[in-house]
Amino acid sequence: MEHPENSAEYAGLQVNSGVSHQPTVNPYLKRGRFQRRQLTVGEMVEGILKGDITVLSQAVTLIESVNPDHQSRAQEVINKCLPYSGNSIRVGISGVPGAGKSTSIDEFGMHVLREHGGRLAVLAIDPSSERTKGSILGDKTRMEKLAQHPDSFIRPSPSAGSLGGVARKTRETIILCEAAGFDKIFVETVGVGQSETACHSMVDFFLLIQVAGTGDELQGIKRGIMEISDGIVINKCDGDNVERCQLAATNFRNALHFFPMPESGWTPKVLCYSGFYGTGVKEVWDMIYQYVDFVKHNGYFDHRRNEQAKFWMYESINEHLKNSFYHSAAVRQQLQSAELEVLQGRKTSFVAAQDLLDLYFKTLTHASDRD
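Definitions and cut-offs
Residues numbered from 1 in each chain as written. Predicted model: local features only at pLDDT ≥ 70, side-chain atom pairs only at ≥ 80, totals over all residues. Heavy atoms only, no water. Helix = DSSP H or I, 4+ residues; strand = E, 2+ residues; numbered from the N terminus. Buried < 20%, exposed > 50% of the residue type's maximum accessible area, 1.4 Å probe, protein only. Contact = heavy atoms within 4.5 Å. Expected span 1.5 Å × (residues − 1). Salt bridge = Lys/Arg side-chain N within 4 Å of Asp/Glu carboxyl O.

Draft legend 1. Seen up close, the side chain of Glu 107. Within the secondary structure layout, Glu 107 lies in helix α4 (residues 101-116). Judged by its relative accessible area of 14%, Glu 107 falls in the buried class. Ignoring anything within four residues of it in the chain, the contact list for Glu 107 reads Lys 145, Gly 275, Gly 278 and Val 281.

Draft legend 2. Quick look at unusual backbone geometry. One non-glycine residue, Lys 236, adopts positive backbone phi at about 65°. With respect to the secondary-structure elements, Lys 236 resides in the loop between β6 (231-235) and α9 (242-256).

Draft legend 3. Quick peek at helix α2 (residues 53-64). With twelve residues, α2 should reach 16 Å at 1.5 Å per residue; the first-to-last C-alpha distance of 17 Å fits that figure. All buried positions along α2 are accounted for by Val 55, Leu 56, Gln 58, Ala 59, Val 60, Leu 62 and Ile 63.

Draft legend 4. Quick look at the pattern of salt bridges. Evaluation of the coordinates by the stated rule reveals eleven salt bridges. In this structure, Arg 155 and Glu 64 form a salt bridge, with 3.2 Å as the shortest nitrogen-oxygen distance. Taken together, the positions of Arg 155 in strand β3 (residues 152-158) and Glu 64 in helix α2 put the pair 91 residues apart, joining distant regions of the chain. A residue is classified by how much of its surface remains accessible, and Arg 155, at 15% relative accessible area, is buried.

Here you go:
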């Protein structure tokens, strides 16, 4: 008997047979039914110029794709949007982990939208795991106010272990955002390191966020990062931390006197504020607008934009050459054997690299001769 509970000895008990196991997926579902129609380049450009956030997001995804077909379409979109770009204030924001970058961006963004209007785009680069290559992409969750504002656009992107490639794609995303009508753009970096140089090469104003009361203040006075900063702000200036913030601000101002005058002629300012309570945010924006007026008046604003465009031309050449080298069939065939010779001590790293480069250039020469 399948169910012994139905036996006569168990009076009052009865167990009915259950239904057969049903499939978890509807068998009548047509999988191709919900596929989104792929927009043409013209439709994508038209949607971006209208300020359509959905189309803009699709275009950014196209830029971030490594598919060669997607890359060619993305470049077409960028070239057609280029004449409508360049009309925004680009602000780079960096700082040590835990300095409150995301919270500060939320407050800075809400203030400028409330007081000056316009539209704001936030491009946040999220570090990827070296082991799994995955990213959390959770910066948007810490910008609760901006995430709900109709005039803001937040786009987190993974670094994916390739800082140069992500920086290039971020620069191209800036062009699309400007074409879509965003007149203020924030670029949040991964953290203190090489990313600051890449970020500095694509923004008009570079803002460094510091914190006080975390130990030796000299740890925050780093020559490389301080020299490229157009403004330094000390966060968490509230409660019992006010005195420590003011002391740290004095130390930073004294340190700036030992650095050479920036090419722009602008003397970086040091301010204190509280991202959590929103105090001192107005003064930060006043500093940014004063800087923009200053460099536009002396001509450095256009000079910096031109230098950045030239810099990214050379960066694009370097990246293209690198990709071409590693995608060469001849190089791929010899790469593992060259690696083995280095590991076994038969060749030095430099000789093996030179041999691979010679092979690559020889392949290019033969290909041009055949043409």
